[in-house]
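Close look at the chain arrangement
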Amino acid sequence: MPNILAIETSSETASCALLRGDAVISRVSNGVRTHSQSVLPMIQELLAEAGITLQECDAVAYGSGPGSFTGVRTACGVAQGLAFGGKLPAVPVVTLDAMALACHRQHGAAEVLVVLDARMGEVYWAQYQFEDGQPVAVLPPVLSAPGDVQAQGSPVACGNGLTAYAEAFPAGGYAEVMPHAEQIAQLAAVAFAAGRTVAAADAQPLYLRNKVAYTQAERREMAATKEAGA
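For every chain, the first residue of its written sequence is number 1, and the numbers climb from 1 along that sequence. In view of the model being predicted, local features appear only for residues whose pLDDT reaches at least 70, and side-chain atom pairs are presented and counted only at 80 or more, with totals across whole chains, interfaces and linings using the full set of residues. Think of the side-chain values as coming from all heavy atoms in the structure, minus any hydrogens and water.

1. So, the pairing of strand E1 (residues 3-8)
We call a residue buried when its accessible area falls under 20% of the maximum for its residue type, exposed when it is over 50%, and partly exposed in between, using a 1.4 Å probe and counting protein chains only. Only DSSP runs of H or I with at least four residues qualify as helices, and only runs of E with at least two residues qualify as strands; both kinds are numbered from the N terminus onward. Burial within E1 is extensive, with six of its six residues counted as buried. Judged by which residues are buried, E1 turns out to be covered on both faces: Asn3, Leu5 and Ile7 on one side and Ile4, Ala6 and Glu8 on the other are all buried. Two strands form a pair only when DSSP identifies at least two bridges running between them. Inspection of the sheet shows E1 paired to strand E2 (residues 14-20) by six bridges, in the antiparallel sense. Across the sheet, the residue bridging to Ala6 is Ala17, located in E2.

Shown next, in the form of structure tokens:
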């Protein structure tokens, strides 16, 4: 079994995990100003606890999105840097896939509807069934208004979108299920075994929303970068 280092920063909670065989250890950080400040210390703790170096890992996985615009860029950027430094492949994992896996394993759900708050009156959502314990998208991830979520059948719902827009989801569900690096690592191990990796330079975030998602600060930063390049 491979050693997989995983990073997930697409929501308010940052997490890192190290999967070795069937065992996974993880760290979680809440309430920091930026996830970029907490990720590397957590990774250092995990490697120290396991008694291995970055170079002894087989791949670096990251939650590629959808999620917080800045958050998914943070996870991708850190994963790229680690993969370059360790001469390792990167494994992008869709955050909604990871949430579906968590709901399946924690609550025994065979069919899962994932609803993640995308802010601005919208949600990221997808529906999954499971084959050999792995999530398979029946309805792939999309961005829509909460009222436009159209599930097939009667899946078990999870994600913070259920409480953020409770009026659209009266049946409720497991709102506490959120993206976590442990599931990112577990899904990445399967992808790694199947050869579904990318070179560090090719690692990309998954965006379902266009540039309207940039904050004013991000737009100023991009404008300054563009002017500097000119």
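2. Looking at the nonpolar core
Definition used in this section: a nonpolar core is a set of buried Ala, Val, Leu, Ile, Met, Phe, Trp, Tyr and Cys residues joined via side-chain atoms within 4.5 Å. Ranked by size, the top nonpolar core spans 33 residues in total, and within it Ile4, Ala61, Val91, Leu96, Val112 and Val114 carry the most contacts. An automatic or database domain assignment supplies the residue ranges for each domain. Counting contributing residues per domain, this core is built from domain 1 (3-95 + 179-194) and domain 2 (97-168), each supplying no fewer than three. By definition, residues are in contact when any of their heavy atoms lie within 4.5 Å. With near-sequence residues (within four places) excluded, Val114 lies in contact with Leu96, Met99, Ala100, Tyr124, Trp125, Ala126, Tyr128 and Cys158. Listed in part, the 24 residues of the second largest apolar core include Ile7, Leu18, Val60 and Ala203.

3. Some thoughts on the pairing of strand E7 (residues 122-131)
For E7, the tally of buried residues reaches seven of ten residues, placing the bulk of the element in the interior. Between the end of strand E6 (residues 111-119) and the start of E7, which pair antiparallel, lie two residues, with Met120 showing a positive phi angle near 55°. Where E7 hands over to strand E8 (residues 134-144), the hairpin turn is made up of two residues, of which Asp132 adopts a positive phi near 55°.

4. Some points on the confidence of the model for the protein chain
Atom-level detail of predicted coordinates should not be read off regions where pLDDT is low. Residues with a pLDDT of 70 or more make up 89% of the protein chain, whose mean pLDDT is 91. For every residue, the pLDDT score states the predictor's confidence, bounded by 0 at the bottom and 100 at the top. The low-confidence segment residues 211-215, where pLDDT is below 50, has eight contacts with residues more than four positions distant or belonging to other chains.

5. Section: helix H2 (residues 69-86)
A helix is expected to reach a length of 1.5 Å times the quantity of its residues less one. Between the first and last C-alpha of H2 there are 26 Å, a value that for 18 residues agrees with the 26 Å anticipated at 1.5 Å per step. Turning to H2, its buried residues number three or more, namely Phe69, Gly71, Val72, Thr74, Ala75, Cys76, Val78, Ala79, Leu82, Ala83 and Gly86. Lys87 sits one or two residues past H2 and shows a positive phi near 55°.

6. Section: the environment of Val156
Among the secondary structure elements, Val156 is positioned in strand E9 (residues 156-158). In this structure, the C-alpha to C-alpha distance between Val156 and Cys103, residues 53 residues apart in sequence, is 8.3 Å. The contact partners of Val156, leaving out residues within four places of it in the chain, are Cys103, Ala109, Glu111, Val112, Leu113 and Tyr174.

7. Section: the sheet that holds E9
Sheet architecture is open: four strands sit in the order E8-E7-E6-E9, paired in mixed fashion. Of all the strands in the sheet, just E8 and E9 have a single pairing partner and so form its edges. When strand polarity is set aside, the average angle formed by the axes of neighbouring strands in this sheet is 20°. Of the strand pairs in this sheet, E7 and E8 are connected by eight bridges, and their pairing is antiparallel. Bridged to Tyr124 within E8 is Leu143. Fitted lines through C-alpha atoms give the axes, limited to the stretch in contact for helices. The angle between two N-to-C directions lies from 0 to 180 degrees. Across the face of the sheet, helix H3 (residues 95-107) comes into contact with E6, E7, E8 and E9 while running at roughly 55° to E7.

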